[in-house]
Amino acid sequence: MDNLVEETPAKPPSLFSFAGFRNLWIGQLISQFGDVLHGLVFLWMILDVTKDPRQMGIVGAFEALPAIVFAVHAGVWADRHDRKAILIWTDWFAAVLVIGFAFLVLWIKVPSLPVVCLFAFALKSMTAFAAPARGAAIPNLVPSERLLQANALNATLQNVMPLIGNALSAMVLQVIFSLSRTLTYFVTFVFNGLTFIVSALFMLRLPSLVPERHDERQSAWNEMKEGIRFVRGEPVLTVAITLSLMLNFFVAPFMPSMVMITKQRFAGTPSMLAFLEMGFFVGMALGAVILSKIRIRRVGVAFSVSLTFAALMFIPMGYTYDPKVFWTANFLCGICIPPAAIPMNTLTQLRTPDALRGRVNSVTSMSSMLIMPIGYALSGILLARLGITGTFWFMTVGLGLAPLFGLLHREFRGAVLEGTGEAS
């Protein structure tokens, strides 16, 4: 009779039961919380001091350069060395840079443009080395059948903290900004430095993440070429990287444009900028939650269609003089991103051997960021020549058309995500 009793299937364990994934997520979540405040206030400081949107474009270009300059070495390092150690040391160095810059701002009030550009380049250099190591680490911290869920959860919760950060900054920064602009910049940058320190403490709790290598080391460039050859042999990845390059070029003017809208159309402060940015993170978080409950198999189609819908949301943003309308459009844009990015990222992780993951992540990052300095520099010119509405039309047309080219590629259009199990 006992054999006739049907056993209830065991509920899969929570992703947080995997200690490595839990610590990586918490550390990066805290760090990203500080990054949100830093990013908003940093751009505001540049425009506030220079009164010139082109200066934002120049600084943005310097922020994008490290992904190109260090792409080869960052990817190779992630495939040569313990990825845990890379994550720890990049957090420590970032903390020193940001806190040092905070005291510099407090001391001299108005840093020169070369100093700001040098700081932006140095800080993003830490990100350039950390990103390939972090992306390569995740598949080693959860079972392969839970990878899509892990990526969705990672995206969900990494957007919840920026959401909280924007909500808090909308209240707290308003008070501090009204008292002292210099104090606002100082407090924000110091806080961001402290989040890097906390993140490093969580990275210390990760297991060893030494890559699975069996070959002898070659020169950094030869090893990077091995990663490039792998990507070129995967047509779906090649198309995805090409589309990402185009998309990053067209989306580059968004943040400078939002800063301009906040100051000129809405007569706002950093707190309103935080409120507007919060809409995107609410949408991203909701989109990731929805994705964790459904299963997307045709990742190429999802990538192209979702990003085209996201582009359409830029039209009302370019015309509105109502912050609520802008917030809503930004929210809807955010919802469209997870169905495009997360399945494609998961497909890339599953198709890439562990020994190559750092380099493939670096190739992807380098290709995506290759065009960003040009896009950032162009953003200042677009805002000066075309104005806010014209710049948003530039982004709408580019972001709307680029993903559709992916549907013309048979293998990309037919790319299917298998082996990740049903979302729970």
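Residues numbered from 1 in each chain as written. Predicted model: local features only at pLDDT ≥ 70, side-chain atom pairs only at ≥ 80, totals over all residues. Heavy atoms only, no water.

Enquirer: Residue-level account of the overall build of the protein, with values.
Expert: For the protein, the count of helices and strands is 19 helices and zero strands. A buried classification covers 55% of the 424 residues belonging to the protein. Across the protein, every contact between residues at least 6 apart in sequence was considered, and the portion connecting residues at least 24 apart equals 88%. Per element, the accessible surface of the protein, about 18100 Å² overall, is 68% carbon and sulfur. (Helix = DSSP H or I, 4+ residues; strand = E, 2+ residues; numbered from the N terminus. Buried < 20%, exposed > 50% of the residue type's maximum accessible area, 1.4 Å probe, protein only. Contact = heavy atoms within 4.5 Å. Areas by Shrake-Rupley, 256 points an atom, 1.4 Å probe, with all protein chains shown as cover.)

Enquirer: Hey, could you go over the nonpolar core for me, with residue numbers and the actual values?
Expert: Counting 76 residues, the largest nonpolar core has Phe 42, Phe 189, Met 317, Phe 326 and Phe 392 as its most contacted members. With eight residues, the single largest contributor to this core is helix 15 (residues 323-351). When neighbours within four sequence positions are excluded, Phe 189 is seen to be in contact with His 38, Phe 42, Met 45, Val 98, Phe 101, Ala 102 and Val 105. Counting 19 residues, the second largest nonpolar core, distinct from the first, contains Leu 24, Leu 87, Leu 147 and Leu 206. (Core = buried A, V, L, I, M, F, W, Y, C linked by side-chain atoms within 4.5 Å.)

Enquirer: An account of helix 6 (residues 113-137) is requested, with residue identities and associated values reported.
Expert: With 25 residues, helix 6 should cover 36 Å at 1.5 Å per step; its first-to-last C-alpha distance of 36 Å lies within 8% of that length. The sharpest bend along helix 6 reaches about 30° and sits at Ala 130, with the proline Pro 132 one to four residues further on. (Expected span 1.5 Å × (residues − 1). Bend = angle between axes of the 7 residues up to and from the residue.)

Enquirer: Which residues make up the packing of aromatic side chains, and what values go with them?
Expert: Per the stated rule, a full pass over the model turns up 21 aromatic pairs. Residues Phe 254 and Phe 326 carry aromatic rings whose centres are separated by 6.5 Å and whose planes lie at 20° to one another, so their mutual orientation is stacked. Of this pair, Phe 254 sits in helix 11 (residues 254-265) while Phe 326 is found in helix 15, placing the two residues 72 residues apart along the sequence. Of the two residues examined, Phe 254 and Phe 326, each falls in the buried class. Taken together, the aromatic side chains of Phe 254, Phe 266, Phe 314, Phe 326 and Phe 392 make up a single cluster linked through ring pairs. Over the ring of Tyr 321 we find Arg 265, and its NZ or CZ is 4.5 Å from the ring centre. (Phe/Tyr/Trp six-rings, centres within 6.5 Å; stacked < 30°, edge-to-face > 60°. Lys NZ or Arg CZ within 6 Å of the ring centre and 35° of its normal.)

Enquirer: Describe the layout of surface pockets, and please don't skip the residues or the numbers.
Expert: By volume, the second largest pocket is sized at about 180 Å³. Lining the second largest pocket, in full, are Trp 77, His 81, Ala 85, Ile 86, Trp 89, Thr 90, Phe 93, Ser 125, Met 126 and Phe 129. For the lining of the second largest pocket, the secondary structure elements donating two or more residues are helix 5 (83-108) and helix 6. In terms of residues, the lining of the second largest pocket owes the most to one element, helix 5, which gives five residues. Here the residues of the lining of the second largest pocket sort into seven nonpolar, three polar and no charged. (1 Å grid on protein atoms, 1.4 Å probe; cavity = no way out; pocket = protein on both sides within 12 Å on 5 of 7 lines; lining within 4 Å. Points joined across faces, edges and corners; volume = space filled by probe spheres on them. Nonpolar A, V, L, I, M, F, W, Y, C, P; charged D, E, K, R; others polar.)

Enquirer: Any details on the packing of helix 11 against helix 18 (residues 387-406)? Residues and values, ideally.
Expert: Direction vectors running N to C along helix 11 and helix 18 enclose 155°, while the axes themselves pass 10 Å from each other. Judged on the interaxial angle alone, helix 18 and helix 11 are roughly antiparallel. Once helix 11 is placed against helix 18, the crossing between them reads as left-handed. Residue-level inspection shows Phe 254, Ser 257, Met 260, Ile 261, Gln 264 and Arg 265 of helix 11 in contact with helix 18, the latter providing Ile 388, Thr 389, Thr 391, Phe 392 and Met 395. (Axes fitted to C-alpha atoms, helices over the stretch in contact; angles between N-to-C directions. Parallel < 35°, antiparallel > 145°, perpendicular 65-115°, else oblique. Left-handed = near helix turned anticlockwise from the far one by under 90°.)

Enquirer: Give me the lowdown on a nonpolar patch on the surface, citing residues and values where you can.
Expert: A contiguous nonpolar surface patch, about 730 Å² in accessible area, is contributed by Tyr 319, Trp 393, Val 397, Leu 401, Leu 404, Phe 405 and Leu 408. Here the element with the most residues in the nonpolar patch is helix 18; it accounts for five residues. Taking the relative accessible area as the measure of exposure, Phe 405 reaches 48% and is therefore partly exposed. (Patch = residues over 30% accessible without salt bridge, like charges linked within 9 Å, V, L, I, M, F, W, Y side chains within 5 Å. Salt bridge = Lys/Arg side-chain N within 4 Å of Asp/Glu carboxyl O.)

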